Amino acid sequence: MESIGNSNISPGPKAPKGAESVPRGVRGPDFDGAPLARMLIRTGRSASLATMEEDGTPFASLVATATDVDGAPLVLVSKLARHTQHLDAHRRASLLFSRPGKGDPLAHPRVTVVADATRIARESPDAARIRLRFLARHPKSELYVDFPDFAFFRLVPQRVAVNGGFARAWDGEGADVMT
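Just so it is clear, the model here is predicted, and its values are computed rather than measured.

A. Layout of the overall build of the chain. Secondary structure assignment for the chain yields 3 helices and 9 strands. If you list the helices and strands of the chain from N to C, you get β-β-α-β-β-β-α-β-β-α-β-β. For the chain, with 179 residues in total, the buried portion stands at 37%. Put simply, of all contacts in the chain between residues at least 6 apart along the chain, 65% involve residues at least 24 apart.

As structure tokens, this is what we get:
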């Protein structure tokens with residue numbers, strides 16, 4: 001056993017021959033995180049949105065979410081919000097969806113979605129469908145959805161990282177969570 005400070009850290013069992021490059025718990029045979037990721041994204045009503053400021057500094061905020069027919073997350077944001085300005089400048093963003101519960105918050109499932117964000121033009125053929133889907137999830141947004149400074153963004157997943165609780169991690173491609 002290796003001693004670090006006053007803590008004892010055990011390296012644990014060795015990986016099977018040939019599996020040294022595969023991190024433990026990631027895409028393991030005992031845990032497929034895709035169904036959990038799809039459920040968290042589809043049932044989530046809000047998420048933490050991480051965008052990038054002009055100087056590259058990360059910026060996190062809370063947004064209301066819905067999903068498009070293929071499972072891509074949708075957000076409705078005001079141009080007054082800093083995250084909207086960031087999305088207009090840099091397409092890359094990530095969303096963190098989580099399922100809260102009692103006790104240790106880190107024991108509950110969550111998924112990080114790394115995505116490319118696309119602003120949906122009001123005259124786009126997709127705009128009416130996206131508006132209806134968002135309003136079905138968030139009916140009270142009817143009060144401001146048509147304000148001229150509000151816009152929808154569709155976030156197309158590129159990669160996902162699922163934490164299903166202790167020792168249940170899985171990394172996947174965006175296509176793994178789309179329908």
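Resuming the write-up.
B. Focus on the pairing of strand β7 (residues 110-120). When strand β6 (residues 92-98) meets β7, the two strands line up antiparallel, connected through 7 bridges. Within the sheet, the bridge partner assigned to S94 lies in β7 and is V114. One ladder, built from 11 bridges, connects β7 with strand β8 (residues 150-163); its direction is antiparallel. In the sheet register, T112 faces β8, and the bridge partner there is A161.

C. Summary view of the pattern of salt bridges. Counting across every chain of the model gives 8 salt bridges. Across the salt bridge formed by R129 and D68, the nearest N and O atoms sit 2.8 Å from each other. Of this pair, R129 sits in helix α3 (residues 127-137) while D68 is found in the loop between β4 (58-67) and β5 (73-78), placing the two residues 61 residues apart along the sequence. D68 sits in the buried class, given a relative accessible area of 1%. Residue E142 is joined to R131 by a salt bridge in which the shortest nitrogen-to-oxygen separation is 3.4 Å. Of this pair, E142 sits in the loop between α3 and β8 while R131 sits in helix α3, and the two are 11 residues apart along the sequence. Bridged by salt links that share partners, the residues D68, D70, D126, R129 and R154 form one connected network.

What counts and what doesn't
- The written sequence of each chain sets the order in which its residues are numbered from 1.
- Predicted model: local features are reported for residues with pLDDT of at least 70 only, side-chain atom pairs are reported and counted for 80 or more only, and whole-chain, interface and lining totals are derived from all residues.
- Only heavy atoms go into the side-chain values, all of them from the structure, while hydrogens and water stay out.
- Strands here are runs of E lasting at least two residues and helices are runs of H or I lasting at least four, both read from the DSSP assignment and numbered beginning at the N terminus.
- Each residue is assigned to one of three classes by its accessible area relative to the maximum for its type, calculated with a 1.4 Å probe on protein chains only: buried under 20%, partly exposed between the two thresholds, exposed over 50%.
- Whether two residues are in contact is decided by their heavy atoms: any pair within 4.5 Å suffices.
- DSSP-based pairing: two strands are paired if at least 2 bridges between them are found.
- Take a side-chain nitrogen of Lys or Arg and a carboxyl oxygen of Asp or Glu: if they are within 4 Å of each other, that pair is a salt bridge.

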